Amino acid sequence: MNELLELTTTRNNPHVDPFMAMWEWQIPVYLFLGGLVAGMMIISGYFIFSGRHKESNCACFSIPFISLVFLSLGMFALFLDLAHKPYVWRLYTTFQIKSPMSWGAWILILVYPALIANIMMKPSLWMLRLYPKLSLWSGKVNQHPFFIKIIGISNMILGMMLGAYTGVLLSSMGSRPLWNTSLLWVLFLVSGLSAAAAFVHLFAKNKAESELLAKADNGFLVVELFVFVMIFLGFLSSARPHIEAAQLLLTGPYAPTFWVFVIGLGIVIPLIIQLLAVNHKIRHTAIAPIMVIVGGLVLRFIIVSAGQYSHWFNAHFH
Amino acid sequence: MPRYGMVIDTLKCVGCSDCVIACKTENNIPEGYNRDWIVTEARGKFPTINMEIRTERCNHCSETPCVSCCPTGASHIHDVGGVVLVDHEKCIGCKACVEACPYDARYIHPDGYADKCTFCIHRVEKGLKPACVEVCPTYCMHFGDLDDPNSEVSKLLQSRKWHVNLPDAGTKPNIFYLV
């Protein structure tokens, strides 16, 4: 006969019981958009740093404005999640060194000037029509190659900080075993880079860049698979709460979504399609990039949801 | 500085919920929410099953993930007794502290801020006991300074066997259950 362990509680706090469900759609949507923007900043920063901006159709001119819009949408989702909205300004009256969320709030403040500086390198026509003075500013920025390098480097560094912090935000929570792996920021950063490479590939006008991004995306997808293996190896060789957390994704209630949408349709199949495409066996289509982007979004949803579901067990009764 | 904690005798607790009602009344807790609650745990192999009834609340831990994750400093350790409190005027309702607590002891108050047990610090600072301890009909709850070796709680911990909840979570809880 099996050993019995039954807990009955009179607590029934909304969104806490029977299992934690405090963070809903807003958080994964923000984490996804934050990761996507982080990836796009790194790509744009790299293109600028490596001198690709000398070509007039470089993606680094269209990326920053799209990033600005996506990041603002993500931050709006984050704002919608706040339960005490009138007090949101409190984030910016302090810096809490141990709080990843406080770090994130300040990183986001630094990301905007970096994106705006990138936009200033070549403002769109509609921007120049609205604010003709922009061309003066743009001219000043472009006069100094040193400025341009700084814009490239700052976009890469802030992109990395943004992408990494979205993972650290969750992994710092020792209370939720599934999040409690120091590899989570690597997973989110690589997934963000992969989604960004796929997204920029979709609208890149420069053929060489488009091809480079498809190749880079294949690399990111392979690394992402490798990081998944490492995370699960870590969990499965750890203590019971962590083994149970890994099983939620591998064999438990989240397994069908995880294997089908995150691993299958989100990584493996687009990787095969893109490998064939970069080797000129088939033509590039929008199918693989869209699969990668959707896979990245589903990944954030599943990690947030299953992470909240994962918990410590009562090990105290001796 | 004192370190406030509770010692709860699970051999005396009958799960009557008086502590729960006292807390809700004293602290004006909205309907459907709880700062403290009763847990019944049954464990073992039939027919040798062991049952423990206990009253639970925020453990006012010494290691506080709920405080360190807070982006505004709303979640803080009080000057008196190391009690973990939330400053409602600083809380933005981001829910990070709710997620960070391995005991799930926090919730979001309908007014938007994170809320939890305060050890009735407003009473304790007047020399009174927390409301839950005050009303317990079986006298199973004891409140006091864990750092004072002569306090009632310290003496109980020296003389009886005890456990804490989720010791593996590593938060060093300050509520002890006598067994």
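One can find the structure itself at the top, above this paragraph.
An account of the accompanying structure is given in this report. (Residues numbered from 1 in each chain as written. Chains lettered and ligands numbered in written order. Predicted model: local features only at pLDDT ≥ 70, side-chain atom pairs only at ≥ 80, totals over all residues. Heavy atoms only, no water.)

Describing the overall build of chain A
Right, on to step 1. Of the regular secondary structure elements, chain A holds 11 helices and one strand.
Right, on to step 2. Secondary structure of chain A in N-to-C order comes out as β-α-α-α-α-α-α-α-α-α-α-α.
Right, on to step 3. Against the globule reference of 20 Å for 318 residues, chain A gives a C-alpha radius of gyration of 22 Å, in line with a compact fold.
Right, on to step 4. Buried positions account for 51% of the 318 residues belonging to chain A.
Right, on to step 5. Summed over all atoms, the accessible surface of chain A reaches about 14900 Å², with 71% contributed by carbon and sulfur.
Right, on to step 6. Taking the 19 positively charged and 11 negatively charged side chains of chain A as two groups, their mean positions are separated by 18 Å. (Helix = DSSP H or I, 4+ residues; strand = E, 2+ residues; numbered from the N terminus. Rg over C-alpha atoms; globule rule 2.2 N^0.38 Å. Buried < 20%, exposed > 50% of the residue type's maximum accessible area, 1.4 Å probe, protein only. Areas by Shrake-Rupley, 256 points an atom, 1.4 Å probe, with all protein chains shown as cover. Lys, Arg positive; Asp, Glu negative; His and termini not counted. Charge placed at Lys NZ, Arg CZ, Asp CG, Glu CD.)

Examining the state of the cysteines
Residues and elements named next belong to chain B.
Right, on to step 1. Scanning the model with the defined rule gives zero disulfides over all chains in all.
Right, on to step 2. Considering cysteine sulfurs only, Cys132 is the nearest to Cys120, which forms no disulfide, with 6.1 Å between them.
Right, on to step 3. Free of any disulfide, Cys140 has its nearest cysteine sulfur in Cys136, 3.6 Å distant. (Disulfide = S-S within 2.5 Å.)

Focus: helix α6 (residues 152-159) of chain B
Residue and element names in this part refer to chain B.
Right, on to step 1. Along α6, the positions that sit buried rather than exposed are Val153, Ser154, Leu156 and Leu157. Down the axis, α6 shows its buried residues gathered within 160° of arc, on one side only. The outward face of α6, more than 90 degrees from its buried face, is lined by the exposed residues Gln158 and Ser159. (Arc of directions from axis to C-beta.)

A short note on the pattern of salt bridges
Right, on to step 1. All chains considered together, the criterion is met by 15 salt bridges over all chains.
Right, on to step 2. Between Asp17(A) and Arg11(A) there is a salt bridge, with the nearest N and O atoms lying 2.9 Å from each other.
Right, on to step 3. Owing to a relative accessible area of 13%, Asp17(A) belongs among the buried residues under this scheme.
Right, on to step 4. For Arg11(A), a relative accessible area of 10% translates into the label buried.
Right, on to step 5. Linking Asp81(A) and Lys95(B) is a salt bridge whose minimum nitrogen-to-oxygen distance equals 3.0 Å. A residue pair is termed interchain when its members come from two chains, as with Asp81(A) in helix α2 (residues 63-81) and Lys95(B) in the loop between β5 (84-86) and α3 (96-100). A single burial state applies to Asp81(A) and to Lys95(B), both of which are buried.
Right, on to step 6. Each of Glu41(B), Arg43(B), Glu52(B), Arg54(B) and Glu56(B) takes part in one network of salt bridges that share partners. (Salt bridge = Lys/Arg side-chain N within 4 Å of Asp/Glu carboxyl O.)

Considering the packing of aromatic side chains
Right, on to step 1. Enumeration according to the criterion identifies 17 aromatic pairs over all chains in this entry.
Right, on to step 2. A connected cluster of aromatic rings, assembled from ring pairs, spans Phe228(A), Phe232(A), Phe258(A) and Trp259(A).
Right, on to step 3. Above the plane of the ring of Trp37(B) lies Arg11(A), whose end atom (NZ or CZ) is 4.5 Å from the centre.
Right, on to step 4. The aromatic ring of Trp137(A) is capped on one face by Lys140(A), whose charged end is 5.5 Å from the ring centroid. (Phe/Tyr/Trp six-rings, centres within 6.5 Å; stacked < 30°, edge-to-face > 60°. Lys NZ or Arg CZ within 6 Å of the ring centre and 35° of its normal.)

Here's the deal with the nonpolar core
Right, on to step 1. Judged by nonpolar contacts, the single largest core of 107 residues is most densely connected at Trp23(A), Leu162(A), Leu170(A), Phe228(A), Leu249(A), Phe258(A) and Ile303(A).
Right, on to step 2. Looking at this core, the element that brings in the most residues is helix α1 (residues 26-49) of chain A, giving 13 residues.
Right, on to step 3. Other than its neighbours up to four places away in sequence, Leu249(A) contacts Leu178(A), Phe232(A), Tyr254(A), Ala255(A), Phe258(A), Trp259(A), Ile302(A), Ile303(A) and Ala306(A).
Right, on to step 4. Counting 31 residues, the second-largest nonpolar core is a separate cluster that includes Trp37(B), Cys101(B), Ile121(B) and Ile175(B). (Core = buried A, V, L, I, M, F, W, Y, C linked by side-chain atoms within 4.5 Å. Contact = heavy atoms within 4.5 Å.)

Remarks on the side chain of His60(B)
All names here are of chain B.
Right, on to step 1. Its location among the elements puts His60 in the loop between β3 (48-56) and α2 (65-68).
Right, on to step 2. We classify His60 as buried; its relative accessible area is 0%.
Right, on to step 3. A polar contact is formed between the side chain of His60 and the backbone nitrogen of Val84, at a distance of 3.1 Å.
Right, on to step 4. A polar contact of 3.5 Å, which involves the side chain of His60, links it to the backbone oxygen of Cys117. (Polar contact = N/O pair within 3.5 Å; in protein donor to acceptor, adjacent residues only side chain to side chain.)

A word on the sheet that holds strand β10 (residues 175-178) of chain B
Whenever strands of a sheet pair, they do so through backbone hydrogen bonds, lying parallel or antiparallel.
All names here are of chain B.
Right, on to step 1. Strand order in the open sheet formed by four strands is β8-β1-β10-β9, and the pairing between neighbours is mixed. The open sheet has two edge strands with one neighbour each: β8 (141-145) and β9 (162-163).
Right, on to step 2. As judged from the five bridges shared by strand β1 (residues 4-9) and β8, these two strands associate in the antiparallel manner. Looking at the pairing, Met6 lines up with Phe143 of β8.
Right, on to step 3. Of the strands in this sheet, β1, β8, β9 and β10 are in contact with α6, which crosses β8 at around 115°. (Pairing = 2+ DSSP bridges. Axes fitted to C-alpha atoms, helices over the stretch in contact; angles between N-to-C directions.)

Side note on the interface of chain B and chain A
Right, on to step 1. Contact with chain B, which involves 53 residues of that partner, is made by 44 residues of chain A.
Right, on to step 2. Counting each side, the surface lost to burial between chain B and chain A is near 4400 Å², with a carbon and sulfur contribution of 57%.
Right, on to step 3. Looking only at chain B, the three residues that lose the most surface to chain A are Arg43(B), Ile92(B) and Glu99(B), adding up to 18% of its buried area.
Right, on to step 4. Our enumeration of links across chain B and chain A arrives at two salt bridges.
Right, on to step 5. One salt bridge in this structure joins Arg176(A) and Asp104(B), with 2.7 Å as the shortest N-O distance.
Right, on to step 6. Between the two partners, chain B and chain A, sit 22 residue pairs in polar contact (both at pLDDT 80 or more).
Right, on to step 7. Put simply, the parts of the chain that give the side of chain B that touches chain A at least two residues each are β2 (37-45), β3, α3 and β6 (107-108) of chain B.
Right, on to step 8. The leading source of residues in the side of chain B that touches chain A is β2(B), at nine residues.
Right, on to step 9. Considering only residue class, the side of chain B that touches chain A consists of 27 nonpolar, 13 polar and 13 charged. (Buried area = accessible area lost by both parts, 1.4 Å probe. Nonpolar A, V, L, I, M, F, W, Y, C, P; charged D, E, K, R; others polar.)

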